[in-house]
Amino acid sequence: MGQLSAQFLTEATEYGGFKMSQPLIDLVNITKSFDGDIVLDDLCLSVKENEFVTLLGPSGCGKTTTLRIIGGFESPDQGKVIFGGKDITNVPPNKRQLNTVFQKYALFPHMSIAENIAFGLKIKKKSKSYIDDKIRYALKLVNLNGFENRTVDSLSGGQQQRIAIARAIVNEPKVLLLDEPLGALDLKLRQDMQYELIRLKNELGITFIYVTHDQEEALTMSDTIVVMNQGYIQQMGSPEQIYNEPENAFVADFIGESNIVDGIMLHDELVEIAGAKFACVDKGFGCRKPVDVVIRPEDIDLVKPEDGTLQGVVTHLIFKGVHYEMEVTTPDGYEWLVHSTDMFPVGEKVGIHVEPFDIQIMNKPASEDEEAVGIDE
Ligand SMILES: Nc1ncnc2c1ncn2[C@@H]1O[C@H](COP(=O)(O)OP(=O)(O)O)[C@@H](O)[C@H]1O
Ligand SMILES: [Mg+2]
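Being a predicted model, the structure only gives us computed values, none of them experimental.

**Q** Explain the site of ligand 1 here, please?
**A** Within the structure, ligand 1 sits among Phe-34, Asp-35, Val-39, Pro-58, Ser-59, Gly-60, Cys-61, Gly-62, Lys-63, Thr-64 and Thr-65. With respect to ligand 1, the backbone of Gly-60 contributes an N or O atom lying 2.6 Å from an oxygen atom. In the environment of ligand 1, an oxygen atom lies 2.5 Å from a nitrogen or oxygen atom belonging to the side chain of Thr-65. A total of 560 Å² of accessible area belongs to ligand 1 in isolation, and the protein chains cover 58% of it. The dominant element in the shell around ligand 1, judged by the number of residues it contributes, is helix H2 (residues 63-71), at 3 residues. Split into classes, the residues belonging to the shell around ligand 1 amount to 4 nonpolar, 5 polar and 2 charged.

Okay, here's the thing in structure tokens:
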């Protein structure tokens, strides 16, 4: 927690300070409807140069629409897109300094790999030697040296996606927009590509705006994660902030598995859960106030019953390889999800212990409606 606060402080100082570079892209009060349904509602988002920003959220929450508005493929009903201080809301896609890689590779099947990569450069009427150099450079970047004359269908899915990225890179965009580019790949390939994208970002120094519904992918790659739901930004922050300090139940639930239990904040730094008093580090929630309490499965220590803050019985056990997954049922009927390298068999009485800084307190949503959209201000 201390480390996190320190990190947050640094960021806050940077934002307020004079050293920080100007935002590269600003979405200002973007609203967009399709057929009368609001898809993006007054969305504001700022992206800095060389930042890896991920838009993360469930299907249909407006990620692709946001990306298409940045790319110029869709125009907002209201609001502005600012790029490097200039209003580009009405500038067509090919005049914007960005390139998009979509989920489907969209390579031209009848062209060789070299011709695919050269496509944009030929339109720009670049010289043959310039284009050849660029092709070689881009293939090296994506680890596909010597693939110039291969045909598209002789490549695996992962290789095709890397070519799609190479094709975008040779245009030297300031920003690369990626819409679930790894969605069609299997797990192992996806992980390899994640590392490759991080390397590319570091080597090229370009800004990445990345769309995914996969929270693990977002946590692995991003400098900043923007969690979206139903057209609203739920929370924006570093992967650590989003994971460790979710601002509402939607974020907590969406980012990894969590125990979200009812609690009563007795006073600062003390919360009651199922009749037991847990020390925590949160303040300012008032006295005897109902709250939501988030505790990650890996942050629960199972101990002897008499050493625990709360007692329960192991009701489920699965071996997961790296750890055991257990379910511990407490007298209030709540089933706690616990991840631990220690195994406790089904039927065993256990104590639940949680370190104060592993307990995250959140305000309960004020109404059902608010819960749906997760406005928490
Ligand atoms: N061109 C369109 N016409 C009508 N509805 C659309 C169009 N594009 C997106 N939508 C709707 O807008 C909502 C958000 O879509 P999208 O931005 O693609 O979400 P995501 O990428 O997060 O899955 C969805 O309900 C989708 O059906
Ligand atoms: Mg989408």
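**Q** What's the story with the packing of aromatic side chains in this structure? I'm lost.
**A** The description of an aromatic ring pair rests on the distance of the ring centres and on the angle between the ring planes. Tallied over the entire structure, the rule returns 6 aromatic pairs. Ring centres of Phe-108 and Phe-119 lie 4.7 Å apart, and the angle between their planes is 50°; on these two criteria the pair is classed as tilted. You can see Phe-108 sitting in the loop between strand S6 (98-101) and helix H3 (113-123) and its partner Phe-119 sitting in helix H3, a full 11 residues away along the chain. Members of the aromatic cluster, connected to one another through ring pairs, are Phe-52, Phe-208 and Tyr-210. Directly above the ring of Tyr-130 sits Lys-126, whose terminal nitrogen or CZ lies 5.2 Å from the centroid. The aromatic ring of Tyr-243 is capped on one face by Arg-296, whose charged end is 3.9 Å from the ring centroid.

**Q** Help me out: how do you make sense of unusual backbone geometry in this one?
**A** Residues apart from glycine generally show negative phi values, whereas peptide bonds are mostly found in trans. Notably, Glu-180 is not glycine yet its phi reads approximately 45°, a positive angle. Within the element layout of this structure, Glu-180 appears in the loop between strand S7 (175-179) and helix H6 (187-204). On the accessibility criterion, Glu-180 (13% relative accessible area) is buried.

**Q** Explain the sheet that holds strand S10 (residues 232-237) to me, please; I cannot follow it from the model alone.
**A** Strand pairing in a sheet relies on backbone hydrogen bonds, with the paired strands running either antiparallel or parallel. Taken together, the 6 strands give an open sheet; going across it, the order is S6-S7-S8-S3-S9-S10, and neighbouring strands pair in mixed fashion. Looking along the sheet, the strands with just one partner apiece sit at the ends: S6 and S10. When strand polarity is set aside, the average angle formed by the axes of neighbouring strands in this sheet is 15°. In this sheet, S7 lies alongside S6 in parallel orientation, the contact comprising 4 bridges. If you follow Val-101 over to S7, its bridge partner there is Leu-178. Sheet strands touched by H2: strand S3 (52-56), S6, S7, strand S8 (207-212) and strand S9 (224-229). Its angle to S7, the strand with the most contacts, is close to 150°.

**Q** Even after reading the chapter, I still don't get the sheet that holds strand S4 (residues 78-83), so can you show me in this structure?
**A** Taken together, the 4 strands give an open sheet; going across it, the order is S2-S1-S4-S5, and neighbouring strands pair in antiparallel fashion. The open sheet has two edge strands with one neighbour each: strand S2 (37-48) and strand S5 (86-87). The sheet contact formed by strand S1 (residues 23-34) and S4 spans 5 bridges and is antiparallel. Bridging across to S4, Leu-27 finds its partner in Val-81. Those strands touched by H2 are S1, S2 and S4, and its axis lies near 120° from that of S1.

**Q** Would you mind going over the pairing of strand S13 (residues 276-279) with me for this structure?
**A** Where a strand is regular, its side chains alternate between the two sheet faces. In S13, alternate side chains face the same way, and those of Ala-276 and Phe-278 are buried while those of Lys-277 and Ala-279 on the opposite face are not. Sheet topology note: the strand S12 (residues 270-273)/S13 ladder contains 4 bridges and is antiparallel. Paired with Ile-273 across the strands is Ala-276, a residue of S13. Count of turn residues in the S12/S13 antiparallel hairpin: 2 residues, of which Ala-274 carries a positive phi of about 50°.

**Q** Sorry if this is basic, but what is going on with the environment of Leu-337 here?
**A** Tracing the backbone through its elements, the reader meets Leu-337 in strand S18 (residues 335-340). C-alpha of Leu-337 to C-alpha of Pro-297: the two residues are 40 residues apart in sequence and 5.3 Å apart in space. The contact partners of Leu-337, leaving out residues within four places of it in the chain, are Glu-257, Asn-259, Pro-297, Ile-300, Glu-325 and Met-326.

**Q** Would you mind showing me how to read the environment of Ile-30 here?
**A** Among the secondary structure elements, Ile-30 is positioned in strand S1. Exposure remark for Ile-30: the relative accessible area of 1% places this residue in the buried category. Once the C-alpha coordinates of Ile-30 and Gly-321 are considered, the two residues, 291 residues apart in sequence, prove to be 45 Å apart. With residues near it in sequence (within four places) discarded, Ile-30 still touches Leu-40, Asp-41, Asp-42, Leu-43, Ile-69, Pro-76, Gln-78, Gly-79, Lys-80 and Val-81.

**Q** Hey, could you run me through H2 in this one?
**A** For an α-helix, the turn length of 3.6 residues means that residues three or four places apart are oriented alike. Burial within H2 is extensive, with 7 of its 9 residues counted as buried. Those residues of H2 lying buried are Lys-63, Thr-65, Thr-66, Leu-67, Ile-69, Ile-70 and Gly-71.

**Q** Can you walk me through the pattern of salt bridges in this structure?
**A** Inspection of every chain in the model, using the stated rule, returns 16 salt bridges. Close ionic contact of Glu-74 with Lys-32 constitutes a salt bridge, the shortest N to O distance being 4.0 Å. On the criterion of sequence distance, the pair formed by Glu-74 in the loop between H2 and S4 and Lys-32 in strand S1 is long-range, its members being 42 residues apart. Judged by its relative accessible area of 22%, Glu-74 falls in the partly exposed class. A relative accessible area of 8% places Lys-32 in the buried class.

The rules behind these values
- Residues numbered from 1 in each chain as written.
- Chains lettered and ligands numbered in written order.
- Predicted model: local features only at pLDDT ≥ 70, side-chain atom pairs only at ≥ 80, totals over all residues.
- Heavy atoms only, no water.
- Near = heavy atom within 4 Å.
- Polar contact = N/O pair within 3.5 Å; in protein donor to acceptor, adjacent residues only side chain to side chain.
- Areas by Shrake-Rupley, 256 points an atom, 1.4 Å probe, with all protein chains shown as cover.
- Helix = DSSP H or I, 4+ residues; strand = E, 2+ residues; numbered from the N terminus.
- Nonpolar A, V, L, I, M, F, W, Y, C, P; charged D, E, K, R; others polar.
- Phe/Tyr/Trp six-rings, centres within 6.5 Å; stacked < 30°, edge-to-face > 60°.
- Lys NZ or Arg CZ within 6 Å of the ring centre and 35° of its normal.
- Buried < 20%, exposed > 50% of the residue type's maximum accessible area, 1.4 Å probe, protein only.
- Pairing = 2+ DSSP bridges.
- Axes fitted to C-alpha atoms, helices over the stretch in contact; angles between N-to-C directions.
- Contact = heavy atoms within 4.5 Å.
- Salt bridge = Lys/Arg side-chain N within 4 Å of Asp/Glu carboxyl O.

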